[in-house]
Amino acid sequence: AFTFENIVTASALHPKPQNIQFTYGTAGFRMKASLLDSIMFRVGLIAVLRSKKLDGSVIGVMITASHNPEEDNGVKLVDPRGEMLEQSWEVYATSLANAPNDDALVETLERIIAQNKIDVNKPSNILYAYDTRPSGPALVASLEDAIKAAGSSYTNFGLKTTPQLHYGVRCLNTQGTNDAYGEPTEIGYYNKLATAFRQIVSDKQRLSPLYVDCANGVGAPKLRELIEVIGEDIISVNIVNDKIGVEGALNHNCGADYVKTGQRLPPGSTVTSGDRAASFDGDADRLVYYYVDTDGTFRLLDGDKIAGLSAMFIMDLVQAAGVDSIKVGVVQTAYANGNSTTYLTKVLKVPVSCVSTGVKHLHHEAEKYDVGVYFEANGHGTVLFSAEALQTIRTAKGRTPAQTTAIAQLRALTDLINQTVGDALSDMLLVEAILTHRQWSLKEWDQAYTDLPNRLVKVVVANRHIFKTTNAERQLVEPAGLQADIDALVAKYTSGRSFVRASGTEDAVRVYAEAATRAETDELAFRVAELVF
Ligand code: NG1
Ligand code: ZN
């Protein structure tokens, strides 16, 4: 049963460190793992209340710090449909995390219960998972302490990628309904992706092996398992950076964030001209592709490129299937390369919206389209099909053999693409499926448009909270006058664009710049950074 006595007794083992202010941000709580003990306990309590509020629906808890260093960790909550926690509850999570002592903890719980009219005697169910970080097991124990003290049911989903946990939550909550998402097991996840992939590439000539850098994280064993289920006769990968047992290796000099930020190969990479390569991040929810050109230049195919490729392919399929009522849209953030936006709007002629950083913003905007393609430039994203679009695709009847084939392929795509959240495994299969269809090399994919040279700089400032933005973070409203200074600088550069915003995950301000040439870009980024500092 749920009693405050039990909770207070258990909480004594998980005191909040003094003098720290916690915030549930775009990535949940994320920091040095050594500071997370009380957070884990309290997140457990929030998860239980959220589940009770939603009549016992399964709430997910993922323990990961994604692409951040190995000594960090973090935790985020997953809502019943596999989506990010509803925003109003982020505020509750923050208040509970900051309650200085047991009295305040109980008061905060009581307030949340009263405000949401929660019946604490209702059932609650939690599904949790963790990545490969060494700090994981201790944090899991703190989480379990809370869930047990609150008398809740729970399931340990074990070592998983972040998107697998999102998948599991959605499956459990939709089981036995018309809206069933799949079998709520890891093998159910692999089978769903594998069946869809095999169908889409059947009768097509397979591609050369793909090098996949798994950031020495959970993506390595999971990709290996997935490939086994699909069959090595259908897809072949060379898994690199799979050292999940080696201390300090996670995300170190490898992974999607390293490759995207540095726009270079991971050191020691054997990828050479003609090879196809990709990188995941530490929890396998980001994906970037890259290759080395014949002249030795490194070429990155980031989230923007994946969005362009996916939108193009889906639009073609929709047309070929004769279901033109289905409208495709793309959602980006201000970090999208200017030339990607031009390509989408001018060449593909697809509507594009720009929203604030953070997956929840992209996800919600993408839900407004029949088919909403959303990707952050860093490689996090997916494609959402609306209920009506799914219905149309499921019931469509082809009038020609070509239409029938296209409809079947669209149907398979809806299974191949993880509808809950960006998923490196699923996204990789999507890209591989499209490239197999077109029999394209990475270079051919890359021909769609050429990225403007761009630079992302991190500036550590005294107080990043004074930087306030508007217009999907593209303009500063505070500090007063700074935006006008940035605009004046930008005007001096051909195809110049630059914006400044406070990071939601690090104690720093990010400066983004792009311009016609590499030299101009670097100079613009540097000069804007100087204005900020
Ligand atoms: P912040 O630190 O708020 O810029 C970063 C990424 C986001 C998103 C979050 C969550 C960039 C520029 N920012 O956010 O896109 O992925 O982390 O992990 O890549
Ligand atoms: Zn991640």
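Reading the values: rules and limits
- Residues numbered from 1 in each chain as written.
- Chains lettered and ligands numbered in written order.
- Predicted model: local features only at pLDDT ≥ 70, side-chain atom pairs only at ≥ 80, totals over all residues.
- Heavy atoms only, no water.
- Donors = N, O, S within 2.8 Å, 3.2 Å for Na, K, Ca; no water.
- Helix = DSSP H or I, 4+ residues; strand = E, 2+ residues; numbered from the N terminus.
- Buried < 20%, exposed > 50% of the residue type's maximum accessible area, 1.4 Å probe, protein only.
- Polar contact = N/O pair within 3.5 Å; in protein donor to acceptor, adjacent residues only side chain to side chain.
- Contact = heavy atoms within 4.5 Å.
- Pairing = 2+ DSSP bridges.
- Salt bridge = Lys/Arg side-chain N within 4 Å of Asp/Glu carboxyl O.
- Near = heavy atom within 4 Å.
- Areas by Shrake-Rupley, 256 points an atom, 1.4 Å probe, with all protein chains shown as cover.
- Nonpolar A, V, L, I, M, F, W, Y, C, P; charged D, E, K, R; others polar.
- Domains from an automatic or database assignment.
- Axes fitted to C-alpha atoms, helices over the stretch in contact; angles between N-to-C directions.
- Parallel < 35°, antiparallel > 145°, perpendicular 65-115°, else oblique.
- Left-handed = near helix turned anticlockwise from the far one by under 90°.
- Lys, Arg positive; Asp, Glu negative; His and termini not counted.
- Core = buried A, V, L, I, M, F, W, Y, C linked by side-chain atoms within 4.5 Å.
- Phe/Tyr/Trp six-rings, centres within 6.5 Å; stacked < 30°, edge-to-face > 60°.
- Lys NZ or Arg CZ within 6 Å of the ring centre and 35° of its normal.

Protein coordination at the zinc ion (ligand 2) comes from Ser 66 (OG), Asp 281 (OD), Asp 283 (OD) and Asp 285 (OD), with a distance range of 2.0 to 2.1 Å. Every donor residue of the zinc ion (ligand 2) comes from the same chain, spaced as S-x214-D-x1-D-x1-D. Of this pair, Ser 66 sits in the loop between strand S2 (58-63) and strand S3 (72-78) while Asp 283 sits in the loop between strand S8 (276-280) and strand S9 (287-292), placing them 217 residues apart in sequence. Note on accessibility: Ser 66 and Asp 283 belong to one class, buried.

You can see Gln 483 is positioned in helix H17 (residues 482-490). Of note is the side chain of Gln 483, whose polar atom sits 2.7 Å from the backbone nitrogen of Leu 476. Setting aside chain neighbours within four positions, we find Gln 483 in contact with Arg 474, Gln 475 and Leu 476.

Next up on the list: the pairing of S3. Among the 7 residues that make up S3, 7 are buried, leaving the element largely enclosed by the rest of the structure. Because side chains alternate across S3, one face comprises the buried residues Asp 72, Gly 74, Lys 76 and Val 78, and the other comprises Asn 73, Val 75 and Leu 77, equally buried. The sheet contact formed by strand S1 (residues 29-32) and S3 spans 4 bridges and is antiparallel. Following the sheet pairing, Phe 29 is matched in S3 by Val 75.

For the rest of this paragraph, the subject is the pattern of salt bridges. One pass over the structure, following the stated rule, counts 27 salt bridges. Across the salt bridge formed by Glu 514 and Arg 497, the nearest N and O atoms sit 3.0 Å from each other. Of this pair, Glu 514 sits in strand S19 (residues 509-514) while Arg 497 sits in strand S18 (residues 497-502); the two residues are 17 residues apart in sequence, bridging distant segments of the chain. Each of Arg 50, Asp 79 and Glu 86 takes part in a single network of salt bridges with overlapping partners.

Here we take up the site of ligand 1. All residues adjacent to ligand 1 are Arg 286, Tyr 335, Thr 357, Glu 376, Asn 378, Leu 456, Arg 501, Ser 503, Gly 504, Thr 505 and Arg 510. In this structure, Arg 501 approaches ligand 1 through a side-chain N or O atom, which is 2.7 Å from an oxygen atom. A distance of 2.6 Å is found between an oxygen atom of ligand 1 and a side-chain nitrogen or oxygen belonging to Arg 510. Protein chains bury 90% of the 430 Å² of accessible surface belonging to ligand 1 in isolation. For the shell around ligand 1, the class distribution of residues is 2 nonpolar, 5 polar and 4 charged. Mapping the shell around ligand 1 onto the domain boundaries places at least three of its residues in each of domain 3 (303-421) and domain 4 (454-532).

Here the protein chain is partitioned into domain 1 (4-159), domain 2 (188-301), domain 3 (303-421) and domain 4 (454-532). Taking only C-alpha atoms into account, the centre of domain 2 sits 32 Å from that of domain 4.

As a further point, take the packing of helix H2 (residues 37-53) against helix H3 (residues 87-98). One way to put it is that H2 packs onto H3 with a least axis distance of 9 Å and a crossing angle of 140 degrees. Between H2 and H3, the angle is such that the two are oblique. The two elements H2 and H3 cross, and the hand of that crossing is right-handed. On H3, the residues touching Ile 39, Arg 42, Leu 45, Ile 46, Leu 49, Arg 50 and Lys 53 of H2 are Trp 89, Tyr 92, Ala 93, Leu 96, Ala 97 and Asn 98. When grouped by side-chain class, the residues that make up the contact of H2 with H3 number 9 nonpolar, 1 polar and 3 charged.

Pairing in this open sheet of 5 strands is mixed, and the strands run S1-S3-S2-S4-S5 from one edge to the other. Taken across any chain shown, the strands that pair with only one partner, and hence form the sheet edges, are S1 and strand S5 (153-159). Here the strands of the sheet are splayed against their neighbours by 15 degrees on average, with no regard to which way each runs. As paired strands, S2 and S3 are joined by 4 bridges and run antiparallel to one another. When the sheet's bridge partners are listed, Val 61 is paired in S3 with Leu 77.

Glancing now at the packing of helix H10 (residues 303-321) against helix H15 (residues 424-438). In contact at an axis separation of 10 Å, H10 and H15 are set at 60 degrees when each is read in the N-to-C sense. In terms of orientation, H10 lies oblique with respect to H15. Here H10 and H15 pass one another in a crossing that is left-handed. On H15, the residues that touch Ile 306, Leu 309, Ser 310, Met 312, Phe 313 and Asp 316 of H10 are Leu 430, Val 431, Ile 434, Leu 435, His 437 and Arg 438. Residues of the contact of H10 with H15, tallied by class, amount to 8 nonpolar, 2 polar and 2 charged.

Our next topic: the side chain of Lys 192. Among the structural elements, Lys 192 can be located in helix H7 (residues 186-201). Buried Lys 192, no salt bridge; nearest opposite-charge side chain is Asp 415, N-O distance 4.1 Å. Side-chain polar atoms of Lys 192 contact the backbone oxygen of Tyr 181, separated by 2.7 Å. Beyond its immediate sequence surroundings of up to four residues, Lys 192 is in contact with Tyr 167, Tyr 181 and Asp 415.

In this structure, Leu 223, Phe 280, Tyr 289, Leu 413 and Met 428 are the most contacted members of the largest nonpolar core, which totals 76 residues. Of all the elements, H10 adds the most residues to this core, at 10 residues. Of the residues that make up this core, three or more belong to each of domain 2 (188-301) and domain 3 (303-421).

Here the focus is the sheet that holds strand S14 (residues 381-385). Pairing in this open sheet of 4 strands is mixed, and the strands run S12-S11-S13-S14 from one edge to the other. Unpaired on one side and paired on the other, strand S12 (352-355) and S14 mark the two borders of the sheet. The sheet shows a mean angle of 20 degrees between the axes of neighbouring strands, direction not considered. Pairing of strand S13 (residues 371-375) with S14, which is carried by 5 bridges, proceeds in the antiparallel orientation. The residue bridging Tyr 374 from the neighbouring strand is Thr 382, located in S14.

Turning our attention to the packing of aromatic side chains. For the coordinates displayed, the defined rule picks out 13 aromatic pairs. In this structure, Arg 170 is placed above the aromatic ring of Tyr 181, and the distance from its NZ or CZ to the ring centre is 4.7 Å.

This brings us to the environment of His 364. Residue placement: His 364 occurs in helix H12 (residues 359-366). His 364 gets classed as partly exposed once you look at its relative accessible area, which sits at 45%. With 244 residues separating them along the chain, His 364 and Val 120 place their C-alpha atoms 30 Å apart.

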